Amino acid sequence: MKKEILKWLKAAGVRTVKTMAETALAIIGTNTIGITEVNWVGVLSACALSGVITLLTCIKGLPELKEEE
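Residues numbered from 1 in each chain as written. Predicted model: local features only at pLDDT ≥ 70, side-chain atom pairs only at ≥ 80, totals over all residues. Heavy atoms only, no water.

**Q** Looking at this structure, how should I read the side chain of threonine 54?
**A** In this fold, threonine 54 is placed in helix α2 (residues 40–60). A distance of 2.7 Å separates a polar side-chain atom of threonine 54 from the backbone oxygen of serine 50. Residues within four places of threonine 54 in sequence aside, it is in contact with Arg15, Thr16 and Thr19. (Helix = DSSP H or I, 4+ residues; strand = E, 2+ residues; numbered from the N terminus. Polar contact = N/O pair within 3.5 Å; in protein donor to acceptor, adjacent residues only side chain to side chain. Contact = heavy atoms within 4.5 Å.)

Next comes the structure, spelled out in structure tokens:
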């Protein structure tokens, strides 16, 4: 049971970090001309929200874990 939980946490964590990075890239790349014009609070807020949504989606199931079984 403990191994299954650790596998889930690792897979969900990897998926969440990737989603948050993709969100940051999308927001930074669409509205800025220079690094000083980035709305960092907005970027962090959107990344946090995407991370929460991803974790909640992971509760439904992770295809990465089903492939291993």
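We are not done yet, so read on.
**Q** Would you explain the environment of leucine 55 in this entry?
**A** Mapping leucine 55 onto the fold places it in helix α2. C-alpha separation for the pair leucine 55 and valine 41, spaced 14 residues apart in sequence, amounts to 21 Å. Residues contacting leucine 55, with those up to four places away along its chain left out, are Ala12 and Thr16.

**Q** Explain the side chain of serine 50 here, please?
**A** Tracing the chain through its elements places serine 50 in helix α2. Side-chain polar atoms of serine 50 contact the backbone oxygen of cysteine 47, separated by 2.9 Å. Beyond its immediate stretch of four places on either side in the chain, serine 50 contacts Thr19, Met20 and Thr23.

**Q** Looking at this structure, I do not really get the state of the cysteines. What am I missing?
**A** Here, disulfide denotes a covalent bond that connects the sulfur atoms of two cysteines. Evaluated as defined, the whole model comprises 0 disulfides. Between cysteine 47, a free cysteine, and cysteine 58, which holds the nearest cysteine sulfur, the sulfur-to-sulfur gap is 16 Å. (Disulfide = S-S within 2.5 Å.)

**Q** Help me understand the nonpolar core in this model?
**A** Proteins that are soluble and globular tend to have nonpolar side chains buried together. Core analysis: the largest hydrophobic core is formed by 5 residues, namely Ala11, Ala12, Cys58, Leu62 and Leu65. Among residues more than four places away in sequence, those in contact with leucine 65 are Lys7, Trp8 and Ala11. (Core = buried A, V, L, I, M, F, W, Y, C linked by side-chain atoms within 4.5 Å. Buried < 20%, exposed > 50% of the residue type's maximum accessible area, 1.4 Å probe, protein only.)

**Q** Help me understand a nonpolar patch on the surface, please; the structure alone is not making it clear to me.
**A** On the surface, a nonpolar cluster with roughly 450 Å² of combined accessible area is contributed by Met1, Ile5, Leu6 and Leu9. Mapped onto the elements, leucine 9 comes out in helix α1 (residues 2–31). (Patch = residues over 30% accessible without salt bridge, like charges linked within 9 Å, V, L, I, M, F, W, Y side chains within 5 Å. Areas by Shrake-Rupley, 256 points an atom, 1.4 Å probe, with all protein chains shown as cover. Salt bridge = Lys/Arg side-chain N within 4 Å of Asp/Glu carboxyl O.)

**Q** What is the right way to look at α2 in this model?
**A** One turn of the α-helix equals 3.6 residues, which is why residues spaced by three or four share an orientation. For α2, built from 21 residues, the straight-helix expectation of 30 Å at 1.5 Å per residue is met to within 8% by its first-to-last C-alpha distance of 31 Å. Regarding α2, the residues found buried are Val43, Cys47, Ser50, Gly51, Thr54 and Cys58. The buried residues of α2 occupy an angular sector of 110 degrees when projected down its axis, which confines them to one face. Away from the buried face of α2 by more than 90 degrees, exposed residues Val41, Leu49, Leu56, Ile59 and Lys60 are located. Where α2 ends, the next residue or the one after it, glycine 61, has phi of about 155 degrees, a positive value. (Expected span 1.5 Å × (residues − 1). Arc of directions from axis to C-beta.)

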